[in-house]
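# A closer look at the structure
Chain by chain, the residues:
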Amino acid sequence: MKVLVSGGAGYIGSIVVEQLIQQGERVVVFDNLSLGHREAVHPEAKFVHADLNDRIAIDQAMKQHQPDAVMHFAAYSLVGESMKFPFQYLGENVTNFLNLLESMVAHDVKKIILSSTANLFDDPERMPIDESERIVPGSPYGESKFICERMLHWLDQIHDLRFAALRYFNAAGASTERGEDHTPELHLIPIVLQVALGQRERVSMFGGDYDTPDGTCVRDYIHVLDLAQAHILALQALDQGSRTYNLGNGQGFSVKQVIETAREITGHAIPADIVDRRPGDPATLVAGSSKIRDELGWRPAYPDLQAIVETAWQWHQSHPQGYATPS
Ligand code: UDP
């Protein structure tokens, strides 16, 4: 199968590309490199340096490479940023996806996997959060992904486009060669590991008075290689119809637990202080993933936090400047 991967130079996209290639698929990466890294693109993938706001460039890529399926990662994905710059999200995230879908329909490409998000569930009635939970987007980012999911719903009906929407909880960890490298870095695990590498003095824990066992926020960290496997399984299942899954480990870990685990793994004291809450952070987000387990037989290979932080630590040690590290 040939898969066109938008955002295949980014953190999750590049690792899904690596896994697709390891499993014998052919891959075309479509990325504008605004947030991704050329070095992250697997050498066996074809690379198209272009923007999803350029419908002609998408059409050219579809015509030249004739993919059987698309995986769509290329998007802005920060909750806080979306509260400051809503048009990037409600505008670009949405119209870029629309361009991609229009081009797919024009070129008769009938399968797509969408990166969606746990930010659809800002006010969950039950924990863990399964697919029956009501949708309450927590930000323009979440809203943009909800709109993308709704587009897929209609294109399935009207154009027989089969889709899987995968709502990630907290992607974390690394493969041997690829990991998390954002500028600026805002995610907890890479920040904690930057302290262990001596690149930051300390870590701020956003809020210590949440209604959780230790007062810090609880999140469901899922290893990026397990996420990648879920994409591949979902793609294989599309012939049996479209589907939507929540994707996490089903276990929650607090900010304090993450820092404590990183201390054990790195042997560094990792100084940490409680500071004010970060606006928009719910106390607890844990995924109910039994649907994907039952329907696709997906099983996380790295369910425990130890292994997730360990693989991230190995990558950060071998890439202290991220992809800019001289080889
Ligand atoms: N967090 C923190 N300090 C940081 C970065 C994050 O305490 O410097 C907390 C954040 O409030 C959240 C958890 O760590 O409860 C995970 O945050 P991250 O940004 O990694 O992912 P998110 O849950 O926002 O997708």
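Predicted model only: the values in this text are computed from it and were never measured.

Definitions and cut-offs
- Residues numbered from 1 in each chain as written.
- Predicted model: local features only at pLDDT ≥ 70, side-chain atom pairs only at ≥ 80, totals over all residues.
- Heavy atoms only, no water.
- Helix = DSSP H or I, 4+ residues; strand = E, 2+ residues; numbered from the N terminus.
- Buried < 20%, exposed > 50% of the residue type's maximum accessible area, 1.4 Å probe, protein only.
- Lys, Arg positive; Asp, Glu negative; His and termini not counted.
- Salt bridge = Lys/Arg side-chain N within 4 Å of Asp/Glu carboxyl O.
- Contact = heavy atoms within 4.5 Å.
- Near = heavy atom within 4 Å.
- Polar contact = N/O pair within 3.5 Å; in protein donor to acceptor, adjacent residues only side chain to side chain.
- Nonpolar A, V, L, I, M, F, W, Y, C, P; charged D, E, K, R; others polar.
- Phe/Tyr/Trp six-rings, centres within 6.5 Å; stacked < 30°, edge-to-face > 60°.
- Lys NZ or Arg CZ within 6 Å of the ring centre and 35° of its normal.

## Some thoughts on the side chain of Asp226
Tracing the sequence through the fold places Asp226 in helix α7 (residues 224-237). Within the buried set, Asp226 has no salt-bridge partner at all; the shortest N-O distance to an opposite charge, 8.3 Å, is to Arg293. In this structure, Asp226 is in contact with Trp298, Arg299, Pro300, Ala301 and Tyr302, ignoring residues within four places of it in sequence.

## Description of the site of the ligand
For the ligand, the set of nearby residues contains 14 residues, the closest of which are Leu188, Ser204, Phe206, Arg278 and Asp281. Asn170 is positioned such that a nitrogen or oxygen atom in its side chain is 2.9 Å from an oxygen atom of the ligand. Here Phe206 contributes a backbone N or O atom positioned 2.9 Å from an oxygen atom of the ligand. Looking at the shell around the ligand, the elements with two or more residues in it are α6 (188-196) and β8 (203-206). Considering each element in turn, the shell around the ligand owes the most residues, three residues, to β8. Its residues placed into classes, the shell around the ligand shows eight nonpolar, three polar and three charged.

## Points about the packing of aromatic side chains
For any pair of aromatic rings, geometry is given as the distance between the ring centres together with the angle between the planes. Per the counting criterion, the structure on display carries three aromatic pairs. Taking the centre distance of 6.0 Å and the plane angle of 80° together, the rings of Tyr89 and Tyr141 count as edge-to-face. Within this pair, whereas Tyr89 is found in helix α4 (residues 86-106), its partner Tyr141 is found in helix α5 (residues 140-159), the two being separated by 52 residues in sequence. In this structure, Tyr89 and Tyr141 share a single accessibility class: buried. Taking 5.2 Å as the distance between ring centres and 55° as the angle between the ring planes, the aromatic pair formed by Trp315 and Tyr323 counts as tilted. Here the two residues Trp315 and Tyr323 agree in accessibility, since each one is buried. Connected via pairs of aromatic rings, a cluster forms that spans Tyr76, Tyr89 and Tyr141. One Lys or Arg, Arg38, reaches over the ring of Phe47 and ends 4.2 Å from the middle of that ring.

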